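A structural walkthrough
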Amino acid sequence: MIDLAALRAIDFHTHAEEPCGCHADDGYDALQATMARHFRAPWRHPPTIDETAAHYRAQRIAAVIFPVDAERETGYRRYRNEEVAEAAARHADILIPFGSIDPARGRMGAREARRLVAEHGIRGFKFHPTMQGFYPNDRMAWPLYEAIAEAGVPALLHTGQTGVGAGMRGGNGMRLKYSNPMYLDDVAADFPDMQIIAAHPSFPWQEEALAVAVHKPNVWIDLSGWRPKYFPPILIQYANTLLKDRVLFGSDWPMIAPEGWLAEFADLPIRDAVRPMILKDNAARLLGLKEAA
């Protein structure tokens, strides 16, 4: 059970990268090593879920944690959602498990999503259009979105440029076009009761992301994947005002450590009343977390 009062923040964007990183033969190790250089991350192999939990517990930060099912598009082995759920259950005081399903799995994926929520305590689902090779408004994803909406859990979708594949030959074959946040507008319109998080400051489409979030009240923005010192002024302006109740702290662990992100965020001109909303309160409301009685 998560003790909200004891937390200083909720990180809405952390990755479960092991045991995937153990498989050197499918190229995943090379991808992770290149990303670590891109983000200047200090590790040789990504941390395990148990190591992630220990780090976050020491920091008094809860973490939404997820894999990315991109096996079809990339060849990187799928991390079983059940395994993530089981590992997170060992650390239920600090970890909040999300699943990931390639939307190309169609109705089979929709069945899996319903089962994961009902039987394994999965609290939401992560999509990475660039890694998974699909436009978010491709109707092949509709059966999966329908299952997520029916379950009443949020969908978190990567937007903007990604550090995944950055600097590799041909960007490792990954295409940025899939992650334009404007494609979320169709999803938000057709699934108005599904809460949708546009992950990351959406470079180079920041204004598109803000426009969609302002127009569609079921769209949120997480601030992961970029150090706060690089946030554009318009993002800070909207986080302080029109979107103050739908902006979420996220780090992109293990590429960015939450404590470093928080230290830079403290220097931003965020209003005193808004800061706790971004760091914890908005996420707690979205996830349905309650203070202990």
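Our focus in this paragraph is the sheet that holds strand β2 (residues 61-66). Taken in spatial order, the 3 strands of this open sheet run β1-β2-β3, and their pairing is parallel. With one partner strand each, in any of the chains shown, β1 (9-15) and β3 (95-97) form the two edges of the open sheet. Sheet twist, expressed as the mean angle between neighbouring strand axes with direction ignored, is 25 degrees. Pairing between β1 and β2: 5 bridges, direction parallel. In the strand pairing of β2, His15 is matched with Phe66. Its contacts with the sheet place helix α12 (residues 275-287) against β1, β2 and β3, and it is angled at close to 70 degrees to β1.

Another aspect to go through is the pairing of strand β7 (residues 219-222). Taking every second residue as pointing to the same face, both faces of β7 are buried, with Val219 and Ile221 on one and Trp220 and Asp222 on the other. In this view, the connection linking strand β6 (residues 196-199) to its parallel neighbour β7 by way of helix α9 (residues 206-215) has right-handed handedness. Sheet topology note: the β7/strand β8 (residues 247-248) ladder contains 2 bridges and is parallel. Opposite Asp222, over in β8, you have Leu248 as the bridge partner. Running through helix α10 (residues 233-240), the crossover from β7 to the neighbouring parallel element β8 is right-handed.

Read from one edge to the other, the open sheet built from 5 strands follows the order β4-β5-β6-β7-β8, with strand pairing classed as parallel. The two strands at the open ends of the sheet, each matched to only one other strand, are β4 (125-127) and β8. Summarising the sheet, β6 and β7 pair through 4 bridges and their orientation is parallel. Each residue of the ladder has a partner; that of Ala199, found in β7, is Asp222. Along the sheet, helix α7 (residues 142-151) contacts β4 and β5 (155-158); its crossing angle with β4, the most-contacted strand, is approximately 150 degrees.

Here we take up helix α2 (residues 49-59). Ile49, Thr52, Ala53, Tyr56 and Gln59 are the residues of α2 that are buried. Burial along α2 is one-sided: seen end-on, the buried residues are contained in an arc of 130 degrees. Packing partners of the buried residues in α2 comprise β1, β2, α4 (81-89), β3 and α11 (258-265). Just downstream of α2, Arg60 is the residue with a positive phi angle, here 60 degrees.

Analysis parameters
Residues numbered from 1 in each chain as written. Predicted model: local features only at pLDDT ≥ 70, side-chain atom pairs only at ≥ 80, totals over all residues. Heavy atoms only, no water. Pairing = 2+ DSSP bridges. Helix = DSSP H or I, 4+ residues; strand = E, 2+ residues; numbered from the N terminus. Axes fitted to C-alpha atoms, helices over the stretch in contact; angles between N-to-C directions. Contact = heavy atoms within 4.5 Å. Buried < 20%, exposed > 50% of the residue type's maximum accessible area, 1.4 Å probe, protein only. Right-handed = clockwise from strand over helix to strand, strands pointing away. Arc of directions from axis to C-beta.

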